[in-house]
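Structure at a glance
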Amino acid sequence: MGCNLLKGKRGIIFGALNDMSIAWKVAELAHEEGAIFTLSNTHIACRMGNVVELAKKTGSELIPADATNVEDLENVFKTSMEVLGGKIDFVLHSIGMSLNVRKKRVYNDLDYNFLSKTLDISAISFHKMIQTAYKLDAINEWGSIVALSYVAAQRTLYGYNDMADAKALLESIARSFGYIYGREKKVRINTISQSPTITTAGSGVKGINSLIDFSDRMSPLGNADALDCAKYCVTMFSDYTRKVTMQNLFNDGGFSSMGMSLRAMDQYNKSFDPEELAEDGSEI
Ligand SMILES: NC(=O)c1ccc[n+]([C@@H]2O[C@H](COP(=O)([O-])OP(=O)(O)OC[C@H]3O[C@@H](n4cnc5c(N)ncnc54)[C@H](O)[C@@H]3O)[C@@H](O)[C@H]2O)c1
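Residues numbered from 1 in each chain as written. Predicted model: local features only at pLDDT ≥ 70, side-chain atom pairs only at ≥ 80, totals over all residues.

**Topic: the packing of helix α4 (residues 70-84) against helix α6 (residues 112-135)**
What counts, and what does not: A fitted line through C-alpha atoms serves as each axis, taken over the contacting stretch for helices, and the angle formed by two N-to-C directions is quoted from 0 to 180°. Numbering of helices and strands runs from the N terminus; a helix is a DSSP stretch of H or I covering at least four residues, while a strand is a stretch of E covering at least two. To sort the angles, those under 35 degrees are grouped as roughly parallel, those over 145 as roughly antiparallel, those from 65 to 115 as roughly perpendicular, and the leftovers as oblique. Each crossing gets its hand from how the near helix is turned against the far one by less than a right angle, where anticlockwise is left-handed and clockwise is right-handed. C-beta atoms are placed from the backbone for every residue, and two residues are taken to be in contact when these atoms lie within 7 Å. Gly is placed with the polar residues, together with every amino acid not listed as nonpolar (Ala, Val, Leu, Ile, Met, Phe, Trp, Tyr, Cys and Pro) or charged (Asp, Glu, Lys and Arg).
One way to put it is that α4 packs onto α6 with a least axis distance of 9 Å and a crossing angle of 50 degrees. When the axes of α4 and α6 are compared, the pair comes out oblique. The element α4 and its partner α6 pack so that their crossing is right-handed. Counted together, Val-70, Leu-73, Glu-74 and Phe-77 of α4 and Lys-128, Met-129, Thr-132 and Ala-133 of α6 form the full contact between these two elements. Of the residues contributing to the contact of α4 with α6, the split by class is five nonpolar, one polar and two charged.

This is the structure:
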C-alpha cells in the first residue's frame, strides 16, 4: 500500500529489463506511490515481452531509445512530455553494460573499443540524458534525476573491471551537472550506490555470488536488495529530499564504512587449518 508520495509527479524510468531489474522495482513502487511515467530501454529490450508487460501493468508508454543516441533521447523527453501532459519531475538512469566484462577481457588486457562503449553506455549516456533534458527545458523546478552506481567507483573490487571507471565518471557527472542544473533550474542530481544485487547486469560481474556473500557479511544491516533500492529512489524523487543534490548516496547496509566485520572475520578464519590458529582465532 503506497502513501501517495509521488502523487501528481511525472517521470521517465530508463533500464527496466525484467522483474529482477532495479528499474523494474522502481517502476512498480513509483506506480504504487501515485506517479505517472514512461519507460524506456533499447529497441531490442522493448520488443521483449517482459517490458511490455511492465508497461501494461503500470499504464505506461514504452519509448525505445539507445541511451547513447542523443536523437533517441530527445524523442524520449518530447514524447514523455506529450503523453504525460507536462514537464517531467523525475528521471531514473538505471543503465550499465561492459563488453570487456561480457567478453571476459580483464582490466590489464582491455579492448579499448569495448572500453569506449562501456563509458558511453554506462556513464556518458547520463550526461547525454541530462543535457538533452536541460536543452529542452523538460524538467520542472525541484525535479530529481537519479542514476545507480556502485562502491567500485571509490574502492577497488576484484572483477569489477572497467565498470569501476564508468561508475567514477557517472558520479562525477552527477556533481558537475548537478551544480549547473541546480543553479539554473533548481533540479537536483544524485547517484545511489547500491549493494551487489542479482540482476541480469549484476550476474555478469565476476564472482558475483561470493561478492554478494562477502558484502552481506561485512554490512551491519546486510545487503540492500532491489526493493530497498527502489524505496530509496522513490524517496529521492519525492519532495522530502528537495535540498539533496550532487551526492553519491550509499544504499548498502553500511558496507562502504566498514573495514572488517566479525561475520567476515569468522568466515575468513574458517579458511585456515585449525592447527594454524590460536584459541582466539588469530594466526599462530
Ligand atoms: N546489480 C548490481 O549488483 C548493481 C549494483 C550497483 C549498481 N547497479 C547498477 O544498477 C543499474 C541497473 O542495473 P541492474 O542491476 O538493474 O541490471 P539490468 O540488467 O536489469 O539493467 C541494465 C539495463 O541497462 C540497459 N541498457 C544497456 N545498454 C543500453 C543502452 N545502450 N541504452 C539503453 N539502455 C541500455 C539494459 O537493457 C538493462 O535494462 C546499472 O547502472 C548497474 O550498474 C547494479
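**Notes on the site of the ligand**
Rules: The criterion for a residue being near a molecule or strand is a backbone-placed C-beta atom within 6 Å of that molecule or strand.
Taken together, 26 residues are adjacent to the ligand, and Ser-21, Gly-96, Thr-199, Ala-201 and Gly-202 come closest. Looking at the shell around the ligand, the elements with two or more residues in it are α1 (22-32), β5 (139-149) and α8 (200-203). In terms of residue count, α8 provides more of the shell around the ligand than any other element does, three residues in total. Class assignment of the residues belonging to the shell around the ligand gives a composition of twelve nonpolar, 13 polar and one charged.

**Brief notes about the pairing of β5**
Threshold: Exposure in this text rests on C-beta crowding, where 20 or more other C-beta atoms within 10 Å of a residue's own make it buried, 12 or fewer make it exposed, and counts in between make it partly exposed. The C-beta atoms are placed from the backbone. When DSSP locates at least two bridges between a pair of strands, those strands are taken to pair.
Extensive coverage of β5 is indicated by the burial of eight of its eleven residues. Pairing analysis gives five bridges linking strand β4 (residues 88-93) to β5, with the strands arranged parallel. From the neighbouring strand, Ile-88 faces β5, where its bridge partner is Ile-139. Looking at chain direction, β5 and strand β6 (residues 188-194) are connected through six bridges and run parallel.

**Comments concerning the environment of Ser-60**
In this structure, Ser-60 sits in the loop between α3 (49-58) and β3 (62-64). Exposure remark for Ser-60: the 26 C-beta atoms within 10 Å place this residue in the buried category. Those residues in contact with Ser-60 that lie beyond four places of it in its chain are Phe-37, Thr-38, Leu-39 and Ala-55.

**Description of the UniProt feature "binding site: NAD(+)" (unreviewed entry) in the protein chain**
Put simply, the rule reads: UniProt positions are given in the numbering used here, feature names are shortened, and annotations may be inferred rather than shown by experiment.
The UniProt record marks Gly-15, Ser-21, Ile-22, Ile-95 and Lys-167 with the feature "binding site: NAD(+)" (unreviewed entry), using the residue numbering of this structure. The residue Gly-15 is located in the loop between β1 (10-14) and α1 in this model. Note on Gly-15: 25 C-beta atoms within 10 Å, which makes it buried. Each residue touching Gly-15, except ones within four places of it in the same chain, is listed here: Ser-21, Ala-23, Asn-41, Ser-94 and Ile-95. Among the secondary structure elements, Ser-21 is positioned in the loop between β1 and α1. Sequence-distant contacts of Ser-21, that is, excluding residues within four places in its chain, are made with Gly-15, Ala-16, Ser-94 and Thr-199.

**Quick look at the sheet that holds β4**
Overall, parallel pairing links the seven strands, which are arranged β3-β2-β1-β4-β5-β6-β7 in an open sheet. Across the chains shown, the open sheet's two edge strands, defined by having one partner strand only, are β3 and β7 (248-251). Along the sheet, successive strands turn relative to each other by an average axial angle of 20 degrees, direction set aside. On top of the sheet, α4 reaches β1, β2 (36-41), β3 and β4; it is set at about 155 degrees to β2, its chief contact. Sheet strands touched by helix α7 (residues 163-185): β5, β6 and β7. Its angle to β6, the strand with the most contacts, is close to 155 degrees.

**Observations concerning unusual backbone geometry**
Most peptide bonds are trans, and most residues other than glycine sit at a negative phi. The phi dihedral of Lys-104 falls on the positive side, at around 60 degrees, and the residue is not glycine. Within the secondary structure layout, Lys-104 lies in the loop between α5 (99-102) and α6. C-beta crowding within 10 Å serves as the criterion here: with 10 such atoms nearby, Lys-104 is assigned to the exposed category. One non-glycine residue, Asp-137, adopts positive backbone phi at about 45 degrees.

**Re the nonpolar core**
Definition in use: By definition, a nonpolar core groups buried Ala, Val, Leu, Ile, Met, Phe, Trp, Tyr and Cys residues that connect through C-beta atoms lying within 7 Å of each other.
One finds Ile-13, Ala-16, Ala-23, Val-26, Ala-27, Ala-30 and Cys-233 to be the most contacted residues of the largest nonpolar core, which totals 72 residues. Discounting residues that sit within four places of it in the chain, Ala-30 has contacts with Leu-6, Gly-11, Ala-35, Phe-37, Val-234 and Phe-237.

**Re the packing of α1 against helix α10 (residues 226-237)**
Closest axis-to-axis distance for the α1/α10 pair is 8 Å, and the angle between their directions is 55 degrees. What the angle tells us is that α1 and α10 run oblique. Note that α1 runs across α10; the crossing there is right-handed. Each of Ile-22, Lys-25, Val-26, Leu-29 and Ala-30 in α1 lies in contact with α10, whose residues at this interface are Ala-226, Leu-227, Cys-229, Ala-230, Lys-231, Cys-233, Val-234 and Phe-237.

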